[in-house]
Structures are given as C-alpha cells and as structure tokens.
Amino acid sequence: MSTPASSAASRAVPPALPWIMWGLGALFYCYGFFQRTAPSVMVDELMREFAVGAAITGTLSGLYFYTYAGLQIPVGLILDRFGPRRVLAVACALAGAGSLLFALSESLMGAYAGRLMIGGAVAFTWVGALLIITRWLPPERFAMMSGLTLACGMAGGVGGQAPLALLIEQIGWRGALGVAAALALVLAGLIALIVRDTGPYSPPAPTPDAGPRPSLRAGLARVLRNPQTYVVGVYAAALTSPMLSFAGLWGVPYLQRVHGVDRELAALATSGMMIGWGIGAPLMGWLSDRLRRRRVVMLIAASGSLVTLAAALYAPGLPFAAVAALMLVNGVVAGGMVLCFAVGREHNPLWAAGAALGVVNMLAMAAGAIFQPLLGWLLDRAWDGTMEAGRPVYSVEAFQSAMWVLVLMQGVALAAALLARETRCEQQDTTTRPGPPA
C-alpha cells in the first residue's frame, strides 16, 4: 500500500521511469552474470597462463562467489538503509575496476584480487534490482518481475559463453575483459543519473510518534530467527548448484571431453541451460502468481531438475543433441528457483525486505563458492597425470566421477521444497515495526 507522500512522488515522474530503473538494475545483474560465467570459456587459457590445475582454476573462478555470497547480508542491510541509486552506481564502477585488474594481472595473486573485487561489487546486483521492483512496481508483479530479472541475468550468462568465446578468439581473454570493464563504467554513470530511491511502494517513513526507525540489526535478527528463511535458502542453493558450477565453469570442458565437441559448440550447449533459466524463471514466477501458490511450483521445479540433470549426465548412449536438449529443459524447470525470493520476502516483514533477500541470496550463491572448487578438487583426485600443451587433461571417467554431487543436490532441493510453507502469494509477516528485544 502506498502512502500519500509516495503516491505524490510517483505522480511527479514519467510512467516509464520505474521500468527504466528496473531495466538498469537488471542490466547490472546481467553484467554480473556475464562475469560469473566468463571463466568457463577461458579454462584452457587460465590453466596455461597461470600454470595451474583444475582445483586452482575452480578456486580462481569461485572466488567471485566468496565475496558475492559473503556480502549478501550486509548488501541487504546497506540497500535498506541507503537505497539503490548510490549503492548500485558505486558497485558498478568497482565491478569495472575489478574486471580491468583481472585483465591486466600477470600473477595468480592479481587474478585472485580481480575476481574477489568483481564478486564483491556485483554482490549488490540481484538484491538491488529486487529492491527497485519492491519500491516501484505492484507487489502482485513481484514473482514475475523477479523472473524477468533472472532472465536478464541468464542473457548475461549466455553472453559470457559462446559469444565471449568468439570474442576471445579475436582479441584474447585479456582484451575481452578490458571491454567488459569499459561497459561497466558507462552503466555506472547511467544508474547514478536515472535511478531513484523512493517509490510508491516503499515502506512508509516512520512518524515522529512511532519512535526511531528499525535498526539494521533488528531487521537481520528478525530474518535470521525465521526457519523458513533457511528452508528457502537451502532450496535455492541446491537448485542453483548445476547452473553455477556446471554451466558456469565445468560444463564446457566436460562436454568437450565426454562428447568430443569443440569449445564453441560445448559453450552453446551449456548456454542452453541458462537460456532455459531465462525462459523458466519468468514462466514459473507467472505460473505461481497466477495459481497463487508457491510450494507446488517449487516442487515441480525441483523434481523436474532432478530427472533432467540425472538423464543428461548419466543416461547411457545419449547423443549430444539429446544432452543439449535436456540441459535446456533442465534450465526451464530449475528457473523455479526464483520463487525462493518471493517466499523469503513473504515470510518476513517488508521493513526487513533487503535483509531477507540478502540472506536468501547469500545461501543461494554459496553454491557457486562451494561447488566450483569442489568439482575441481574431485577432478584432480581422479586425474591420471595426462598433460597436453602445458595443462592437465581429465578423462571421461574423471568427469563422470565428479558430477554425481550435482544430482544429489537436486534431491536436497526437493526435500527443501517439501518443508516450505505455502504463503498463497500473501505477506505472512505484516508487522510494521520490530518487537521488543527477546
């Protein structure tokens, strides 16, 4: 419900402005996803450049998630307090600086620092975009708009695979990341000029007789005391793990080795998983909003992801085209992961929305921090010592012995969906102020 002040503010701006602001937030999220998946088409170059194996390469890529996931709680609190305009503009500029640092690094330590900086900067993208939706667009559109935002991210992920692979062939991986740095700086300027903090659906400002505004700690404490926060966070992490670790890094070398295809075709196939997410996230959000049910759609997403991923990785004798099709379908159903943000928000008060979204996203992104290096470690354990052109080569058996953990996680997602409480698309916690300390 909008307040008179916020309604007056909304009438003073063009009707298209909320959509433009959301679009800029979604573009920043798209950029963050591009950086998330970019190492997947640089695996060979990074191994040769820095003389490392799969475990170190997985760590180099996964460092993005260490700062990304680790900052999600403060991200939500910072955005709740300072609003999206300044925060997203500064973060976008820092993301460009991190990309430039990575591009210019001659040592592994410099590359580590660049990835950490990128991850920390783009940590603000998802929650920032959702906060723009929360403050500027009607609540009944939240799940669908969350899905559309995720679809923009998937577009960035696709751009970080086959198109980036072609660009790398032309100007090298360093040149490609330099171009990415310049684009981030332009986007930072647009966000600073256009995005506004307060919209018609912002929580009402505290009145003088209502006491001080809720503290950052109060919002975080409220979210952390809610068991459903953890249920939906585990659901998100488990369902996201194949997209972040397989499509995001190890899928290209896996398909090259197991199915004998070239890098561009392997990148196109793993992009199919992200294209599927881009289709499935808004579709699942729309279906959930239309049915006014969250839990049943979450169950469909988890069970569908379990079946399709297991078939793509372990069904014997499947041709490459069938595997690519299964990855696309897997992405469509797994896009239902986006519902965890709607459920997490609906189980927590609106005055702690940033904290709720930040905690859930932290748990979701922990999947990348854990599974990218974990799969690399499992590959190194199964490595038979073969080297080629200065880099280790992993056998079909090594890849297949590592990927089972992703199938297991889809079972975890299904269990978490069964534990989730239905909200019927309605705010379950409607308190407008935090209660007294326990």
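Here the structure is a predicted model, which means the values were calculated and not measured.

### Some thoughts on the overall build of the protein chain
And then number 1: The secondary structure content of the protein chain amounts to 19 helices and two strands.
And then number 2: Computed over its C-alpha atoms, the radius of gyration of the protein chain comes to 21 Å, within 12% of the 22 Å expected for a compact globule of 438 residues.
And then number 3: C-alpha atoms of the protein chain, sized along the principal axes, occupy 70 × 45 × 40 Å.
And then number 4: For the protein chain, the residues scored as buried account for 58% of the 438 residues in total.
And then number 5: Contacts in the protein chain between residues far apart in sequence, at least 24 positions, make up 87% of those at least 6 positions apart.
And then number 6: Element-wise, carbon and sulfur atoms account for 69% of the exposed surface of the protein chain, whose accessible area totals about 16,500 Å².

### Remarks on the packing of helix 3 (residues 43-50) against helix 4 (residues 54-70)
And then number 1: Two numbers describe how helix 3 lies on helix 4: the axes approach to 10 Å, and their chain directions differ by 110 degrees. With respect to their mutual orientation, helix 3 and helix 4 come out roughly perpendicular. Within the contact between the two elements, helix 3 uses Val43, Leu46, Met47 and Phe50 and helix 4 uses Ala54, Thr57 and Leu60.
And then number 2: Broken down by class, the residue content of the contact of helix 3 with helix 4 amounts to six nonpolar, one polar and no charged.

### Digging into the environment of proline 242
And then number 1: Structurally, the position occupied by proline 242 is in helix 12 (residues 227-259).
And then number 2: On the basis of relative accessibility, which here comes to 1%, the residue proline 242 falls in the buried class.
And then number 3: Separated by 105 residues in the primary sequence, proline 242 and histidine 347 have C-alpha atoms spaced 27 Å apart.
And then number 4: Aside from chain neighbours lying at most four places away, what touches proline 242 is Ala247, Met273, Leu309, Leu406 and Gln410.

### As for the confidence of the model for the protein chain
And then number 1: Mean pLDDT for the protein chain: 87, with 92% of residues reaching 70 or above.
And then number 2: Contacts from residues 1-10, a stretch scored under 50 in pLDDT, to residues over four places away or in other chains number seven contacts.

### So, unusual backbone geometry
And then number 1: Of note, the phi angle at alanine 51 is positive, near 55 degrees, even though the residue is not glycine.
And then number 2: Along the chain, alanine 51 turns up in the loop between helix 3 and helix 4.
And then number 3: According to the relative accessible area criterion, alanine 51 is exposed, its value standing at 65%.
And then number 4: Positive phi is not limited to glycine here, since arginine 292 has a value of about 55 degrees.
And then number 5: Within the fold, arginine 292 resides in the loop between helix 13 (263-291) and helix 14 (295-314).

### A few points about a nonpolar patch on the surface
And then number 1: Taken together, the side chains of Val234, Tyr314, Trp404, Leu408 and Val412 present a nonpolar region at the surface, about 440 Å² in accessible area.
And then number 2: For the nonpolar patch, the element with the most residues is helix 19 (residues 404-419), which contributes three residues.
And then number 3: Relative to the elements of secondary structure, valine 412 occurs in helix 19.

### A few points about the nonpolar core
And then number 1: Within the largest apolar cluster, 136 residues are counted, with the highest numbers of intra-cluster contacts made by Phe28 and Tyr235.
And then number 2: Ranked by the residues each element gives to this core, the list is headed by helix 12, at 16 residues.
And then number 3: Setting aside residues no more than four positions away along its own chain, tyrosine 235 makes contact with Met298, Ala301, Ala302, Gly336, Met337, Cys340, Ala413, Ala416 and Ala417.

### Examining the pattern of salt bridges
Oppositely charged side chains can form a pair if their charged atoms are brought close together.
And then number 1: Applying the stated criterion across every chain, the model contains seven salt bridges.
And then number 2: In this structure, glutamate 426 engages arginine 292 in a salt bridge whose closest nitrogen and oxygen atoms are separated by 3.9 Å. Here arginine 292 lies in the loop between helix 13 and helix 14 and glutamate 426 lies in the segment after helix 19, a separation of 134 residues in the sequence.
And then number 3: You can call glutamate 426 partly exposed: its relative accessible area is 45%.
And then number 4: A cluster of three or more residues bridged by salt bridges with shared partners is formed by Glu45, Glu169 and Arg263.

### Observations concerning the side chain of threonine 134
And then number 1: Tracing the sequence through the fold places threonine 134 in helix 8 (residues 125-136).
And then number 2: Judged by its relative accessible area of 11%, threonine 134 is buried.
And then number 3: Setting aside residues up to four positions removed in sequence, threonine 134 forms contacts with Phe142, Tyr201 and Arg345.

### Looking at the packing of aromatic side chains
And then number 1: Tallying each qualifying case throughout the model produces 12 aromatic pairs.
And then number 2: Ring plane angle 80 degrees and centroid distance 6.4 Å describe the contact between tyrosine 394 and phenylalanine 399, whose orientation is recorded as edge-to-face. When sorted by exposure, tyrosine 394 lands in the same class as phenylalanine 399, which is buried.
And then number 3: Within the aromatic cluster, the residues linked to one another by ring pairs are Phe246, Tyr254, Trp383, Tyr394 and Phe399.
And then number 4: Its end group placed over the ring of phenylalanine 33, arginine 36 keeps NZ or CZ at 4.1 Å from the ring centre.
And then number 5: Across the ring face of tyrosine 68, the terminal group of arginine 36 is positioned such that the distance to the ring centre comes to 4.9 Å.

Conventions used here
Residues numbered from 1 in each chain as written. Predicted model: local features only at pLDDT ≥ 70, side-chain atom pairs only at ≥ 80, totals over all residues. Heavy atoms only, no water. Helix = DSSP H or I, 4+ residues; strand = E, 2+ residues; numbered from the N terminus. Rg over C-alpha atoms; globule rule 2.2 N^0.38 Å. Buried < 20%, exposed > 50% of the residue type's maximum accessible area, 1.4 Å probe, protein only. Contact = heavy atoms within 4.5 Å. Areas by Shrake-Rupley, 256 points an atom, 1.4 Å probe, with all protein chains shown as cover. Axes fitted to C-alpha atoms, helices over the stretch in contact; angles between N-to-C directions. Parallel < 35°, antiparallel > 145°, perpendicular 65-115°, else oblique. Nonpolar A, V, L, I, M, F, W, Y, C, P; charged D, E, K, R; others polar. pLDDT = per-residue confidence, 0-100. Patch = residues over 30% accessible without salt bridge, like charges linked within 9 Å, V, L, I, M, F, W, Y side chains within 5 Å. Salt bridge = Lys/Arg side-chain N within 4 Å of Asp/Glu carboxyl O. Core = buried A, V, L, I, M, F, W, Y, C linked by side-chain atoms within 4.5 Å. Phe/Tyr/Trp six-rings, centres within 6.5 Å; stacked < 30°, edge-to-face > 60°. Lys NZ or Arg CZ within 6 Å of the ring centre and 35° of its normal.

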